[in-house]
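Chains, contacts and geometry: an overview
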Amino acid sequence: MLACSFDEVGTRITGRGTHQAPFAEAAAIDIGNAYTSAVYLDNNRNETYFGLSESQFTKALYSSSLVWAPDGDEAFDDGSYVLQFDVGDRVRLIAFKRQDSLVDPASVREVWLSSEAFYNALREWRDTFRVLATMVSRRHG
């Protein structure tokens, strides 16, 4: 049921340090609105985001795996979005929901964590999930 999320956590761990963008330290609401505008709205193709063309901006989003959720699992089928940035020895997570076309400002949350704490938490989750899945499989298999 959470296969996409499990795989995505593994991908995040493997990609440690690569989730980077020149706009990583911009205001969370601005990043959320730029993401929403570039990815979901039918814009004028001449629009720029943080000094990048729309194609450069979307390429930065996806080539650096900045978009964590939605990841294809129904776990995030509620209009939630999570973006991750590796900034030096820290990780910045930005979460928000969309109401209509742009981000609901009241929903925007961000947190800065040490890279060590963040990636250790991901590894712990992945390893625990793997153990539990094995136990369930043996029980029902």
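First, a word on scope: everything that follows refers to the structure included in this document. Note that the coordinates shown come from a computational prediction; the quantities given were computed from them, not determined experimentally. (Residues numbered from 1 in each chain as written. Predicted model: local features only at pLDDT ≥ 70, side-chain atom pairs only at ≥ 80, totals over all residues. Heavy atoms only, no water.)

1. Points about the sheet that holds strand E3 (residues 67-69)
The strand order E3-E4-E5-E6 describes an open sheet built from 4 strands, whose pairing is antiparallel. Strands with a single pairing partner mark the edges of an open sheet, and in this sheet they are E3 and strand E6 (109-114). Averaged over all pairs of adjacent strands, the angle between their axes in this sheet comes to 25°, without regard to strand direction. Alignment of E3 against strand E4 (residues 80-87), held across 2 bridges, turns out to be antiparallel. For Ala69, the partnering residue across the bridge sits in E4 and is Val82. Against the sheet, helix H2 (residues 28-40) engages E3, E4, strand E5 (90-97) and E6, with an angle of about 60° to E5. (Pairing = 2+ DSSP bridges. Helix = DSSP H or I, 4+ residues; strand = E, 2+ residues; numbered from the N terminus. Axes fitted to C-alpha atoms, helices over the stretch in contact; angles between N-to-C directions. Contact = heavy atoms within 4.5 Å.)

2. Quick notes on the pairing of E4
Sheet faces and side chains relate simply in a regular strand, where the side chains alternate between the two faces. Summarising burial for E4: 8 of the 8 residues are buried, a large majority. Residue alternation in E4 divides its side chains into two sets, Ser80, Val82, Gln84 and Asp86 and Tyr81, Leu83, Phe85 and Val87, and both sets are buried. Across 8 bridges, the pairing between E4 and E5 is antiparallel. Paired with Val87 across the strands is Arg90, a residue of E5. Hairpin connection, E4 to E5: the antiparallel pair is bridged by 2 residues, and Gly88 has positive phi, about 60°. (Buried < 20%, exposed > 50% of the residue type's maximum accessible area, 1.4 Å probe, protein only.)

3. Concerning the packing of aromatic side chains
Taken as a whole and assessed by the stated rule, the structure comprises 15 aromatic pairs. Residues Trp68 and Phe118 carry aromatic rings whose centres are separated by 5.9 Å and whose planes lie at 90° to one another, so their mutual orientation is edge-to-face. Taken together, the residues Trp68 in strand E3 and Phe118 in helix H4 (residues 115-140) connect sequence positions 50 residues apart. Assigned by exposure class, Trp68 and Phe118 land together as buried. Taking the ring centre of Tyr40 as reference, the NZ or CZ of Arg98 above it sits at 4.5 Å. (Phe/Tyr/Trp six-rings, centres within 6.5 Å; stacked < 30°, edge-to-face > 60°. Lys NZ or Arg CZ within 6 Å of the ring centre and 35° of its normal.)

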